Amino acid sequence: MEVYGGVEAGGTKFVCAIGNDAGELIKITQFPTTTPAETIGKTIAFFLEQELPLKAIGIGAFGPLDINPGSPFFGTITSTPKANWRNTNLLGSIEKGVGVPVVLDTDVNAAAFGEYCWGNARDLDTFVYLTIGTGIGGGAMVNGKLLHGLLHPEMGHIKVQRHSQDDVFNGICPYHGDCLEGLASGAALESRWGMKAEQLPADHPAWIAESFYLAQGIVHLIYILSPQRVILGGGVMHQKFLFNRIRSQVLNMLNNYIQSDKILKEIDTYIVSPSLGDEVGILGAIALAVNKFGEIIL
Ligand code: ADP
Ligand code: ZN
């Protein structure tokens, strides 16, 4: 059995792991995201310490990222609000430091790919993975391929209609104010309500607006990509009651326009959580490496 490395490179923390081509984790560690030099240094050190020879490393990273292989800045984090991470060559520095081939994609595409290989999207070829964490982002597979396009999708910045309750809140996105991320991310909830999302009780009005925003985002994605399933991950989705509220709002907003039983009769298996749970990001990163440099065992 071949052994691979994975990095879930997040804006808050980095998760590094060793796993195999069957999606089993062998070793996992995490540390806070500080400066690029320190954080990438720790990442390289983790992989160099391993006794098992790694075949390759996959990275799922926060962005925006340059993942266009033809670009001179291929493999770098580009215009992130985290100023000291701008223009950091993540792929190149880890490849050079560890000395094995590295594949890089967005954190959300990596997560989507993890679900495709070993999770809730195994039988699909077109689906969306949306994370509602500190920020909001989405990855997609379309007709069996991860979607990149011009740069990569930025599903968290979809414009949504404001909820009447939110008329006093400007939204936290520095670019758009009240986009999906600006209004419905974990950071937005904290800024809007003065407490962390995990502390907001289920009957708090925050969740009425939250499910309204997320449902709008999902409805747009359904119209544009016609996904066979929508997977919702990220810290905020630990509030499990959100799923049913989002499902019913999505049904309301679609208003029977999309004539598929998958939505009309099976909404509970249409909008779901990642079956890989909180390991979706790191397993997805490993899956990217296995897929490019080896063979996935399903
Ligand atoms: P990140 O997006 O930083 O990679 P997460 O996906 O864990 O990481 O998301 C962190 C966000 O999720 C924070 O805004 C946090 O307040 C929120 N969060 C974490 N746990 C919960 C929970 N149980 N319920 C609601 N929100 C949560
Ligand atoms: Zn925005």
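That block above? That's the structure.
All of these numbers come straight from a predicted model, not from anything done at the bench.

(A) Region of the structure containing the sheet that holds strand β10 (residues 145–146). In space, the five strands of this open sheet follow the order β10-β9-β8-β11-β12, with mixed pairing throughout. Two strands lie at the open edges of the sheet, namely β10 and β12 (271–272), each paired on one side alone. Where strand β8 (residues 127–132) lies against strand β9 (residues 136–142), six bridges are found, and the strand directions are antiparallel. Bridge pairing in β9 links F127 to M141. Set on the sheet, helix α6 (residues 206–225) makes contact with β8, β9, β11 (230–233) and β12; between it and β8 the angle comes to about 155°.

(B) A look at the coordination of the zinc ion (ligand 2). Looking at the metal site, the zinc ion (ligand 2) is ligated by H157 (ND1), C173 (SG), H176 (ND1) and C179 (SG), spaced 2.0 to 2.4 Å from it. Relative to the metal, the four donor atoms surrounding the zinc ion (ligand 2) lie at angles of 101 to 124°, and the coordination shape comes out tetrahedral. Sequence spacing of the donors to the zinc ion (ligand 2): H-x15-C-x2-H-x2-C. Of this pair, H157 sits in the loop between β10 and α4 (180–184) while C179 sits in the loop between β10 and α4, and the two are 22 residues apart along the sequence.

(C) Seen up close, the layout of surface pockets. In this structure, the second largest pocket encloses a volume near 350 Å³. Lining of the second largest pocket is provided by 18 residues; of these, V103, L104, D105, H148 and K292 occupy positions nearest its centre. Broken down by element, the residue count for the lining of the second largest pocket peaks at four residues, all from strand β7 (residues 102–106). A per-class count over the lining of the second largest pocket returns 12 nonpolar, four polar and two charged.

(D) Up close: the sheet that holds strand β1 (residues 3–9). Strands sit in the order β3-β2-β1-β4-β7 across an open sheet of five strands; the sheet is mixed. Two strands lie at the open edges of the sheet, namely β3 (25–32) and β7, each paired on one side alone. Looking at each pair of strands side by side, their axes are set apart by 15° on average, direction ignored. As paired strands, strand β2 (residues 13–20) and β3 are joined by seven bridges and run antiparallel to one another. Residue pairing for β3: F14 is matched across the bridge by F31. Helix α3 (residues 107–118) rests against β2, β4 (57–61) and β7 of the sheet, and its axis sits at about 105° to β7.

(E) Quick look at empty space enclosed by the protein. Under the defined criterion, the tally for this structure stands at one cavity of 30 Å³ or more. Here the largest cavity defines a volume of roughly 50 Å³. Residue lining of the largest cavity: D166, L183, A188, L189, R192, W193, A206, A209, E210 and Y213, and that is the complete set. Elements represented by at least two residues in the lining of the largest cavity include exactly α5 (186–193) and α6. Grouping the constituent residues of the lining of the largest cavity by class yields seven nonpolar, no polar and three charged.

Rules of the game
- Residues numbered from 1 in each chain as written.
- Chains lettered and ligands numbered in written order.
- Predicted model: local features only at pLDDT ≥ 70, side-chain atom pairs only at ≥ 80, totals over all residues.
- Heavy atoms only, no water.
- Pairing = 2+ DSSP bridges.
- Helix = DSSP H or I, 4+ residues; strand = E, 2+ residues; numbered from the N terminus.
- Contact = heavy atoms within 4.5 Å.
- Axes fitted to C-alpha atoms, helices over the stretch in contact; angles between N-to-C directions.
- Donors = N, O, S within 2.8 Å, 3.2 Å for Na, K, Ca; no water.
- Tetrahedral: all angles 85-135°; square planar, octahedral: opposite > 155°, others 65-115°.
- 1 Å grid on protein atoms, 1.4 Å probe; cavity = no way out; pocket = protein on both sides within 12 Å on 5 of 7 lines; lining within 4 Å.
- Points joined across faces, edges and corners; volume = space filled by probe spheres on them.
- Nonpolar A, V, L, I, M, F, W, Y, C, P; charged D, E, K, R; others polar.

Treat this as a map of the structure, not an account of what it does.
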